[in-house]
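So you can see what is in the structure, the chains are spelled out below.
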Amino acid sequence: MPDYMYLLESRLSPEQRAALERVQELSRSQQINVYLSGSAIRDLISGQPIRDLDFTVEANPVRMVRELEKGGARVVWENEKLRHYEIIFAGDADGSISSARDDVYDRPGAKPEIRFAGIMEDLRRRDFSFNAIAISLNAQSRGLLLDPTNGLADLERQEVRALSIHAFTNQPVRLMSILRYCARMGSKMETRTEEWFELAMERRLFENIEGADAGHEVRALAREENPTATLKQWESRGLLASIHPRLQKRKPDYDSLNKLTRVRSNFLSAGIRPRMQVAVTGYVLGRLKSREAAAALRNMEFRSAEVEAIAHLVPEAQKVVKILKSRKTNSARDAYFYLASVPPEMLVFIEVELPNPRAVSKIRNYIQKWRPIRQALPLGELDALGVPRGPKFDKIIEQLFEMQLRGRARSPEDRTKALRNLAGIKEEPKKKEEKEKKKPTKGKETAPAAKAPEAKDARITKDAKPGDKRAQQAAPSAAPPPAKTPPSGTKPPQSAAAAIGARAQAKHDDAAKAHRAAHKLARPAHSKPKAPPAKKARGR
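Residues numbered from 1 in each chain as written. Predicted model: local features only at pLDDT ≥ 70, side-chain atom pairs only at ≥ 80, totals over all residues. Heavy atoms only, no water.

### Observations regarding the nonpolar core
If you look at the biggest cluster of nonpolar residues, it comprises 118 residues, and the most contacted ones within it are Phe55, Leu68, Leu175, Ile178, Trp234 and Leu285. If near-sequence neighbours (up to four positions away) are discounted, Ile178 is found in contact with Phe128, Val160, Phe168, Met189, Thr193 and Phe197. The next biggest cluster of nonpolar side chains, apart from the first, holds six residues, and it includes Tyr35, Ile119, Ala132 and Leu146. (Core = buried A, V, L, I, M, F, W, Y, C linked by side-chain atoms within 4.5 Å. Buried < 20%, exposed > 50% of the residue type's maximum accessible area, 1.4 Å probe, protein only. Contact = heavy atoms within 4.5 Å.)

### Some remarks on the packing of aromatic side chains
Per the stated rule, a full pass over the model turns up 10 aromatic pairs. Between Phe55 and Phe89 the ring centres are 6.0 Å apart and the planes differ by 85°, which places this aromatic pair in the edge-to-face class. Of the two residues, Phe55 is situated in strand 2 (residues 53-57) and Phe89 in strand 4 (residues 84-89); the sequence distance between them amounts to 34 residues. Given a relative accessible area of 1%, Phe55 falls into the buried group. With a centroid separation of 6.2 Å and an interplanar angle of 85°, the aromatic rings of Phe337 and Phe401 are classed as edge-to-face. (Phe/Tyr/Trp six-rings, centres within 6.5 Å; stacked < 30°, edge-to-face > 60°. Helix = DSSP H or I, 4+ residues; strand = E, 2+ residues; numbered from the N terminus.)

### Brief notes about the pattern of salt bridges
Across all of its chains, the model carries 39 salt bridges by this definition. Across the salt bridge formed by Arg51 and Asp43, the nearest N and O atoms sit 3.7 Å from each other. Here Asp43 falls in the buried class, since its relative accessible area comes to 1%. Put simply, Lys251 and Glu235 hold a salt bridge, and the shortest N to O gap is 3.4 Å. (Salt bridge = Lys/Arg side-chain N within 4 Å of Asp/Glu carboxyl O.)

### Thoughts on the pairing of strand 3 (residues 74-79)
With five bridges joining them, strand 3 and strand 4 adopt antiparallel strand pairing. The residue bridging Glu78 from the neighbouring strand is Tyr85, located in strand 4. Hairpin remark: strand 3 followed by strand 4, antiparallel, with four residues in the connecting loop; positive phi at Arg83, about 55°. (Pairing = 2+ DSSP bridges.)

Written as structure tokens, this is what we have:
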């Protein structure tokens, strides 16, 4: 069985992983069962980027949400009736927390009765099978995959399957959702689901899509990698009229949306995740009259803050461009800190809508050069030099950053030297190399020097008279030093080959002695040679 927790944690960003761990801690402390469900599991298994962390709890999540807010999370939308909270977690990770529930319909198309229930009932009431998958985050069953509707098989077949014949009747907005999923994942509808979809379109159920539900789809559209593909699908089915009746004829600004997609991909590749909801919504409604666009936003129940952001998008972008063109941002340091304070989605919009050369050049330098330098500042190296964290530490880092922006202290050696200078740490003195004291043995230059004393001593001894002290002093130096003899009882060291030869010779000598002794004993007594007769003395 696959290890889904390992797979999940390896795919999450550091910010998403921190949010996941924090939710698990709160669920344990509050004794609440919590599950990761919906889009996160679908994207995990299908290989798509994990956009949101959707948590489902078997209780009222309000206490958990309030604790998350204390840690820096922000609630962007909530529905107390459904116990559903859209959250931006600390670290800028998107997600939601909702209570497990069951929707009970008296008849198809009627308003559902909300009943809070367990996780299995919550999964079975959902729209499509691949959204009805969850992973347990509880201590006793952590990593357990829950798939009551066999959504994994549909993901493998790349099919979108509705869970009920009344799926589109009960919630007509699913006509827009299923086309968005098909455009994103490159999937097709399952056979029966396609029949139900066509039947709903024939019955014109899309006319029953509520404005708030259409607004939810437009917000989801802004997080898609390719919004144009989804809009084309809606246009082919006549569903743009659900946003505004005139939008089907006037059409969204596809060219600007395509440029926006390209620029956003550059930011994403640099590790920056801009939230393009305001810009995408503006381009979707961009060809409508201002009065019509305002009516569409009211119908989709956009909040007042969202409406103001869309209306002031262009004027705010013009202010940023003006500052980027002014002397305030002439230096790389000033330009960096100003651009770091501007929301990344504004920078994307400026590059698409107001491509001033000076402004765009600074934005690209910020993304491609200055920001990577800032992220690679050697905080650990400065710690290793013994500088404690504090105002002095921060000042040294800022000074080094400014040097690197000017092209200095880029290499590791130069960076370390610059850190030492800025911290007031003297460099360690270089160790003097010890001279090797060895007598020269072979060499062209040392040979004459070695012969000179010998010749001088020889001349002194040759020309000296008896009793001359110089001759007595030169004589010992001229004579070669006596060879050192090893002490008695010790043998000079032998090589391995010499030792083997000595042992073989010793064996040979012992065998020869034994042979001679045996031959001597075996020879008879009469075989001894007679002594030669003595010669007679001659007489005179």
